[in-house]
There are 2 protein chains.
Amino acid sequence: MHVLIIGAAGMIGRKLTEQLAREGKLAGRQITALSLIDVTPPEKPTGFAGTVSLTTLDISAPGVVTAHIAARPDFIFDLAAVVSGEAEADFDKGYRINLDGTRNLLEAIRHEGAKTPYRPRMVFTSSVAVFGAPFPALIGDEFFSTPLTSYGTQKAICELLIADYSRRGFVDAVSIRLPTICIRPGKPNKAASGFFSNIMREPLVGQEAVLPVADDVRHWVASPRAAVGFLVHAAEMDTAPLGARRALTMPGLSATIAEQIEALRKVGGDKAVKLVRREPDTVIANMVAGWPRAFDAKRALALGFRPDASFDDIVRIHVEEELGGRVPVRQ
Amino acid sequence: MHVLIIGAAGMIGRKLTEQLAREGKLAGRQITALSLIDVTPPEKPTGFAGTVSLTTLDISAPGVVTAHIAARPDFIFDLAAVVSGEAEADFDKGYRINLDGTRNLLEAIRHEGAKTPYRPRMVFTSSVAVFGAPFPALIGDEFFSTPLTSYGTQKAICELLIADYSRRGFVDAVSIRLPTICIRPGKPNKAASGFFSNIMREPLVGQEAVLPVADDVRHWVASPRAAVGFLVHAAEMDTAPLGARRALTMPGLSATIAEQIEALRKVGGDKAVKLVRREPDTVIANMVAGWPRAFDAKRALALGFRPDASFDDIVRIHVEEELGGRVPVRQ
């Protein structure tokens, strides 16, 4: 059985690739071929017995994805996207990659299926950015989609396309709306939401991190491990109960900065907490005030998607996956 | 001042053109030029003092709309669309005209504005087809968009694009979700919703019409005159109160078949009512059961959009506009 991952070199793409390579199975079937595509060169996973193909490719260019769909992968993960800040700064690039990229993919699948029947399972990573303020305290599964960014608009459009292509029988796709991923591994980035990860990741290794908002700020997050779990479950689930409503808000964890800091204290001690430097930034605070704080993700929970248990767990996962079980600030 | 109407040869396009030509004004300004575009040749309106340009053009072809936007019309009405049934039957054509056509237009406006500032008012005709069953009895302004047709999907996507292009300052656009237009003039057509008009229009001129559903079926309608009123108001209104939410459900009239028939009786008498032949069709009945029946269009009402007063009024408007004030079945 053949799995295609588009956007395989990104943070979530790499973690998904590693897990699939390690398990060697998806939906109870043996994975014999793994095709990895990204605009930056994807890495070959270790410990995978089947065939691996690595392709460096911009899927937003017309026609380029066709050859990869002609190989008729059974499962397609569409993770390729430019992030919110970049889609806002570069209007053309955002629409080209985040909208046309996914539309090209859907069209390639439809045309392949017009030759002889072909209806792969596709999993698309959408975002809670499809929603726009003002929000209720708890956002339900039927809240309307009024994005306030080009990124959120592009994701909302792809959700609509995916629902229509699925309804018409061209593909069997699920859109999953990911929470903010926390703790993101790697270097601090310039994303406005970066501090949610920075204030955990940096102190754990003895580095200072800036907190630009108040301690009572609440946010909707999921660990990288939970996010990979969502992707795998979306690939394996029975899609019949979805009906025509193919987009699902994933069950994240609603946590305040104060809760994050207490979780940090448990693992890194007061020494780690002291490395969180409070430097209020009203621009960032105002931006974050417009972000969703908590969802009532009933539908995804009923369909078997599993959230992180607590922020303590999120920190534990980070220490396991990124720090080899050690906490440098404690040394 | 220059007005561009794309889709000017359609039923609503012709009525809008006639009204603008007759009034000679929009938003308190003199109309000096009227540009009419359609894929079928638009007709020159009578009694208009300014310049009229008529163009037969398929706006879904890339680049063709650019020259018309280079003339920098102050107001743009985007009415061009293939109907629901055709968009369902011809997938490619539906997306090409209903999605790419409007996206090309938005892109042409954005690129024109990149040369020297240009931010026209644009009015886009969306549809209640952006919503999908199951519905509450009264559908609110914040009901979510889960279309069950490709047509509804295309309209929902255009609404999202229009909101984003407006938020970014490239255009000042309003999407108005029209109810089913009733009484549609002309010949009976094959649209599944055609009978709502047929059972009124045909008996008034002494012709039989088929009613395929039960008398208690409720539907959401607006007269052609009300629809033109919505378009003009959307062109003239202050868009500041819309914020980032640029799509508005228009205030239609929720009427049952029984109410329609009583309105027909008042104008056409029992003789007209006898021409409504009941011929139940379960396929049509099931389709109609999935359509919205009534909206609570609070937001549009608060912003000054005016619905038809009653179904009696809708019949009166039809007799005035289409029958020259005469009721042939009475002769």
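Quick caveat: nothing in here was measured; it's all calculated off a predicted structure. (Residues numbered from 1 in each chain as written. Chains lettered and ligands numbered in written order. Predicted model: local features only at pLDDT ≥ 70, side-chain atom pairs only at ≥ 80, totals over all residues.)

Observations concerning the overall build of chain A
Selection rule: Strands here mean DSSP runs of E at least two residues long; helices mean DSSP runs of H or I at least four residues long; both are numbered from the N terminus. Atoms considered for the radius of gyration are the C-alpha atoms alone. The globule rule reads 2.2 Å times the number of residues to the power 0.38. Working definition of burial: number of other C-beta atoms within 10 Å of the residue's own, with buried at 20 or more, exposed at 12 or fewer, and partly exposed in between, all C-beta atoms being placed from the backbone. Any pair of residues counts as being in contact when their C-beta atoms, constructed from backbone geometry, are within 7 Å of one another.
For chain A, the count of helices and strands is 11 helices and 14 strands. Scaling as 2.2 N^0.38, a compact globule of 331 residues should have a C-alpha radius of gyration of about 20 Å, and chain A matches this with 20 Å. Here chain A holds 331 residues, and 47% of them are scored as buried. Here the analysis covers contacts within chain A between residues at least 6 apart in sequence; of these, 77% occur between residues at least 24 apart.

Thoughts on unusual backbone geometry
All names here are of chain A. With an omega of 0°, the peptide bond between Ala133 and Pro134 qualifies as cis. Mapped onto the secondary structure, Pro134 falls in the loop between strand 7 (121–127) and helix 5 (150–167). In this model, Ala27 sits at a positive phi of 55°, which is unusual for a non-glycine residue. Despite not being glycine, Arg72 shows a phi value in the positive range, around 55°. Tracing the backbone shows Arg72 in the loop between helix 2 (66–70) and strand 6 (75–78). Residue Arg72 is classed as partly exposed on the basis of its C-beta count, with 15 C-beta atoms lying within 10 Å.

Thoughts on the relation of the copies chain B and chain A
The cut-off we apply is this: Here the copies are superposed with least squares, the fitted atoms being C-alpha atoms of residues at a pLDDT of at least 70 in both.
The operation relating chain B to chain A is a screw motion whose rotation component is 180°, with 0.0 Å of axial translation and a residual RMSD of 0.0 Å. The relationship between the two copies is best expressed as a two-fold rotation axis. For chain B, the residue whose C-alpha comes nearest the rotation axis is Phe144 of chain B, separated from it by 2.1 Å. In this assembly, 100% of the residues forming the interface of chain B have copies in chain A that are likewise at the interface, indicating an isologous arrangement.

Re the domain arrangement of chain A
Quite often, the size of an interface is put as the accessible area lost when its parts meet. Residue and element names in this part refer to chain A. Threshold: An automatic or database domain assignment is the source of the domain bounds shown. Under the grouping applied here, Gly and all other residues not named as nonpolar or charged are polar, the nonpolar ones being Ala, Val, Leu, Ile, Met, Phe, Trp, Tyr, Cys and Pro and the charged ones Asp, Glu, Lys and Arg.
Each domain of chain A was delimited in the assignment, giving domain 1 (2–179 + 222–249) and domain 2 (194–220 + 253–293 + 309–330). Computed from C-alpha atoms alone, the centre-to-centre distance between domain 1 and domain 2 is 28 Å. With 10 residues of domain 1 at the contact, the number on the domain 2 side is seven residues. Class assignment of the residues belonging to the side of domain 1 that touches domain 2 gives a composition of eight nonpolar, one polar and one charged.

Focus on the sheet that holds strand 13 (residues 253–256) of chain B
Residues and elements named next belong to chain B. Using the following cut-off: Should DSSP find at least two bridges between two strands, the strands are taken to pair.
Across the sheet, three strands lie side by side as 9-11-13; this open sheet has mixed pairing. One side of each edge strand has no neighbouring strand; the edge strands of this open sheet are strand 9 (180–181) and strand 13. As judged from the four bridges shared by strand 11 (residues 218–222) and strand 13, these two strands associate in the antiparallel manner. Bridge assignment links His219 to a residue of strand 13, and that residue is Ala255.

Some remarks on the interface of chain B and chain A
Facing 17 residues of chain B, the contacting portion of chain A comprises 17 residues. Per-class residue counts for the side of chain B that touches chain A are eight nonpolar, five polar and four charged.

Some details on helix 11 (residues 311–322) of chain A
Residue and element names in this part refer to chain A. What counts here: Expected span of a helix: the number of residues minus one, times 1.5 Å. By arc we mean the arc of the directions from the helix axis to the C-beta atoms, nothing more.
Taking 1.5 Å of rise per residue, the 12 residues of helix 11 would be expected to cover 16 Å, and the 16 Å separating its terminal C-alpha atoms lies within 8% of that figure. Regarding helix 11, the residues found buried are Phe311, Ile314, Val315 and His318. The buried residues of helix 11 occupy an angular sector of 95° when projected down its axis, which confines them to one face. At its buried positions, helix 11 is contacted by helix 6 (194–204), strand 13 (253–256) and helix 8 (257–273). Looking one or two residues past helix 11, Gly324 carries a phi angle of roughly 60°, positive in sign.

Observations regarding the packing of helix 6 (residues 195–204) of chain B against helix 8 (residues 257–273) of chain B
Residues and elements named next belong to chain B. Keep this limit in mind: Throughout, an axis means a line fitted to C-alpha atoms (over the contacting stretch in the case of helices), and angles, computed between N-to-C directions, take values from 0 to 180 degrees. Should an angle fall under 35 degrees it is taken as roughly parallel, and over 145 as roughly antiparallel, whereas 65 to 115 is taken as roughly perpendicular and any remaining angle as oblique. Each crossing is labelled by how the near helix is turned from the far one, with a counterclockwise turn of less than a right angle marking it left-handed and a clockwise turn marking it right-handed.
Relative orientation of the contacting elements helix 6 and helix 8 amounts to 20°, with a least axis distance of 10 Å. Taken together, the axis directions place helix 6 and helix 8 in an arrangement best described as roughly parallel. Along this stretch, helix 6 crosses helix 8, giving a crossing that reads as left-handed. Residues Ile199, Met200, Pro203 and Leu204 of helix 6 lie in contact with helix 8, whose contacting residues are Gln260, Leu264, Val267, Gly268 and Ala272.

Digging into helix 8 of chain B
Side chains that are three or four residues apart share a direction in an α-helix, a result of its 3.6 residues per turn. Residues and elements named next belong to chain B. Cut-off, in case you're wondering: Axes are fitted to the seven residues ending at a residue and to the seven starting at it; the angle between these axes is taken as the bend at that residue.
The terminal C-alpha atoms of helix 8, which comprises 17 residues, lie only 12 Å apart, well short of the 24 Å expected from a rise of 1.5 Å per residue. A bend of about 110° at Val267 is the largest found in helix 8. Here helix 8 has its buried residues at Ile257, Gln260, Leu264, Gly268 and Ala272. Where helix 8 is buried, its residues contact helix 6, strand 10 (209–211), strand 13 and helix 11 (311–322).

Examining the confidence of the model for chain A
Put simply, the rule reads: The quantity called pLDDT is the predictor's confidence in a given residue, expressed from 0 to 100.
Across chain A, the average pLDDT comes to 95, with 100% of residues at or above 70. Prediction confidence for the complex, expressed as pTM and ipTM, is 0.96 and 0.95 respectively.

Examining the environment of Arg168 of chain A
Looking at the element boundaries, Arg168 of chain A is found in the loop between helix 5 and strand 8 (172–178). Residues Arg168 of chain A and Ala244 of chain A, spaced 76 residues apart in sequence, show a C-alpha to C-alpha distance of 9.8 Å.

Observations regarding the sheet that holds strand 12 (residues 247–249) of chain B
Residues and elements named next belong to chain B. Spatially, seven strands are ordered 5-4-1-6-7-8-12 in an open sheet, and the strand pairing comes out parallel. Strands with a single pairing partner mark the edges of an open sheet, and in this sheet they are strand 5 (51–56) and strand 12. For this sheet the average axis-to-axis angle between neighbouring strands, irrespective of direction, equals 15°. Strand direction decides the pairing type here: strand 1 (residues 2–6) and strand 4 (residues 33–38), joined by five bridges, are parallel. Its bridge partner lying in strand 4, Ile5 is registered against Leu36.

Side note on the pairing of strand 6 of chain A
All names here are of chain A. Of the two faces of strand 6, the one lined by Phe75 and Phe77 and the one lined by Ile76 and Asp78 are each fully buried. Alignment of strand 6 against strand 7, held across four bridges, turns out to be parallel. Note on strand 7: the bridge partner recorded for Asp78 is Phe124.

Thoughts on the packing of helix 1 (residues 11–23) of chain A against helix 7 (residues 224–236) of chain A
All names here are of chain A. Across the interface, helix 1 lies against helix 7 with an axial gap of 10 Å and an inter-helix angle of 65°. Between helix 1 and helix 7, the interaxial angle falls into the category roughly perpendicular. Where helix 1 crosses over helix 7, the handedness of that crossing is right-handed. Facing Met11, Ile12, Lys15, Leu16 and Gln19 of helix 1, the residues of helix 7 in contact are Pro224, Ala227, Val228 and Leu231. Its residues placed into classes, the contact of helix 1 with helix 7 shows seven nonpolar, one polar and one charged.

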